[in-house]
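Fold and geometry: a report
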Amino acid sequence: MVSLITHDYDEQQHAIQQIFNTEGIVLLQEFLLSPKKVRKEIQKLPSTKLFHPLRHRWTVCTDMQLRPMLNDVREYLKMITGETLDPTAYILEKGDYSILSDDIQEEHGIVAFMEISNKWDDKWGGKLGLENEMVHLPKNSLLLVSTHRHRWFIKYINHLAKDDKVIVVFRERKKK
Amino acid sequence: MEFEKKDEPFAHIIFKDLLSSVALHEIKEIIESQPFERKSADLFDLEQTTDLSDEQSLSGLREKMLSLKEIIKNELGIDVTSLDMSAMHYQECDYLLCHDDQLEGRKIAYILYLAKPEQGGELLFRSSTEPYDVQVTIPPLENTLVLFEVSNKSLHEVSEIIKGERLSIGGWFH
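Residues numbered from 1 in each chain as written. Chains lettered and ligands numbered in written order. Predicted model: local features only at pLDDT ≥ 70, side-chain atom pairs only at ≥ 80, totals over all residues. Heavy atoms only, no water.

Right, let's get into the overall build of chain B. The helix and strand tally for chain B stands at three helices and 14 strands. A globule of 174 residues ought to have a C-alpha radius of gyration of about 16 Å, and chain B, at 15 Å, matches this closely. Projected onto its principal axes, the C-alpha positions of chain B cover 40 × 40 × 30 Å. Counting only residues that meet the buried cut, chain B has 53% of its 174 residues in that class. Nonlocal contacts in chain B, meaning residues at least 24 apart in sequence, comprise 79% of its contacts between residues at least 6 apart. (Helix = DSSP H or I, 4+ residues; strand = E, 2+ residues; numbered from the N terminus. Rg over C-alpha atoms; globule rule 2.2 N^0.38 Å. Buried < 20%, exposed > 50% of the residue type's maximum accessible area, 1.4 Å probe, protein only. Contact = heavy atoms within 4.5 Å.)

With that settled, the discussion passes to the interface of chain A and chain B. Contacts between chain A and chain B engage 14 residues on the former and 19 residues on the latter. Note on chain A versus chain B: buried area summed over both sides is about 1400 Å², and carbon and sulfur give 66% of it. Its largest share of buried area at the contact with chain B, chain A owes to Lys 155, Tyr 156 and His 159 of chain A, together 39% of the area lost on that side. Connecting chain A to chain B are one salt bridge. A salt bridge links Lys 155 of chain A to Asp 45 of chain B; the shortest N-O distance between them is 3.1 Å. (Buried area = accessible area lost by both parts, 1.4 Å probe. Salt bridge = Lys/Arg side-chain N within 4 Å of Asp/Glu carboxyl O.)

Within a regular strand, the side chains alternate between the two sheet faces. All names here are of chain B. Every second residue of strand β12 (residues 155-158) is oriented toward a common face, with Leu 155 and Glu 157 on one face and His 156 and Val 158 on the other, all of them buried. As defined by bridge partners, strand β9 (residues 123-126) adjoins β12 across four bridges and the pair is classed as antiparallel. Bridge pairing in β12 links Leu 124 to Glu 157. (Pairing = 2+ DSSP bridges.)

Okay, the sheet that holds strand β10 (residues 152-154) of chain A next. All names here are of chain A. The strand order β8-β7-β10 describes an open sheet built from three strands, whose pairing is antiparallel. At either margin of the open sheet sits one strand with a lone partner, and together these are β8 (133-135) and β10. Between one strand and the next, the sheet's axes are offset by a mean angle of 30 degrees, whatever the strand orientation. Across three bridges, the pairing between strand β7 (residues 128-130) and β8 is antiparallel. Directly across from Leu 128, in β8, lies its bridge partner Val 135. (Axes fitted to C-alpha atoms, helices over the stretch in contact; angles between N-to-C directions.)

For the α-helix, the turn length of 3.6 residues means that residues three or four positions removed from each other point alike. All names here are of chain B. Within helix α3 (residues 69-76) the residues assigned to the buried category are Ile 71, Ile 72 and Leu 76. Each buried residue of α3 lies within a common arc of 100 degrees when the element is viewed along its axis, so the set occupies one face. Facing away from the buried side of α3 by more than 90 degrees, the exposed set consists of Glu 70 and Asn 74. In this fold, the buried residues of α3 make contact with β1 (4-6), β2 (12-15), β7 (108-115), β11 (145-149) and β14 (166-173). (Arc of directions from axis to C-beta.)

With that settled, the discussion passes to the side chain of Asp 101 of chain B. All names here are of chain B. Among the secondary structure elements, Asp 101 is positioned in the loop between β6 (95-99) and β7. Despite being buried, Asp 101 has no salt bridge partner; Arg 106 is the closest side chain of opposite charge, sitting 4.3 Å away. If we skip the residues at most four places from it in the chain, Asp 101 touches Arg 106, Ala 109, Phe 148, Val 150, His 156 and Trp 172. (Lys, Arg positive; Asp, Glu negative; His and termini not counted.)

All names here are of chain A. Considering all chains together, one arrives at 18 salt bridges over all chains under this definition. Note that Lys 49 is salt-bridged to Glu 93, the shortest N-O span being 2.9 Å. Of this pair, Lys 49 sits in strand β2 (residues 48-52) while Glu 93 sits in the loop between β4 (85-92) and β5 (97-98), and the two are 44 residues apart along the sequence. Note on Glu 93: relative accessible area 39%, which makes it partly exposed. Note that Arg 151 is salt-bridged to Glu 131, the shortest N-O span being 3.3 Å. Here Arg 151, found in the loop between β9 (141-150) and β10, pairs with Glu 131, found in the loop between β7 and β8; they are 20 residues apart in sequence, far enough to count as distant. Salt bridges here are not isolated pairs; linked through shared partners, they connect Lys 49, Arg 57, Glu 93 and Asp 96.

Below you can see the structure in the form of structure tokens.
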């Protein structure tokens, strides 16, 4: 029994797996039982502010503690996809962004985006883009995407933002 | 015609009070009557017109711009023969993130400011070797024209509009 995730999803695992295998994409809303708790725990971990004007400005957490902290989610995603996905947390404040720069690495295979920001108003920016398509990621949702290759970005966070945007991206481990 | 040329972080020329006040007023009226379309991508949120190169009412402005060919040649060492033109309108929260404008055929970028926002909307230049700090900040003063050579060094952006609106005509000499 997974404990971080809303119980319904545990029960609907097979149905979700079927949708994902058929459609290649599935959005799971009200995903975590306590997104606030998970977010606060992540925000306590060591992280690094990264800035390259042509690529991104954001804070990234790849701390060793992130994996065990989110192990319930990783296990659930493994049940759905058959793949082990590892998390990276991205925290964006006013003025932060990422761009589809020419040298940005493409994601290969399965990727999941888990939105765990506090209250977020789309007027503040911060939308998720997959190549040139904007995706609405509701609060406390997880978007699971299976593609051969894609690039993603997060729209600029403007001066109206009253909080930080927190997104955890789960990726397949690079195969040796 | 008076202008200021600077070389860092990349060569650029600034003309203040390019047009007469009558001409500026006329052009603002023409631009404000054009249809703008909202454009949104990873790099920007802003409004833009279609290409105004064939807009008859702007022929005087195009001639004025093309008359700068000699200055461009003398100061930047670049021959240009034509230009394209569109208008950009930034509202509160609009922005244009860092990029270099490089695309085939583009030799010189230009921006003529028609309306300045109350806060934000500055043109920022960064060094390609040390891009983490802004090296030059150019406020979008009405009737100011900025020109610079397009290259992998011409890193520039428009800071977010915090208050007011920014209106400009811009494009590239080819």
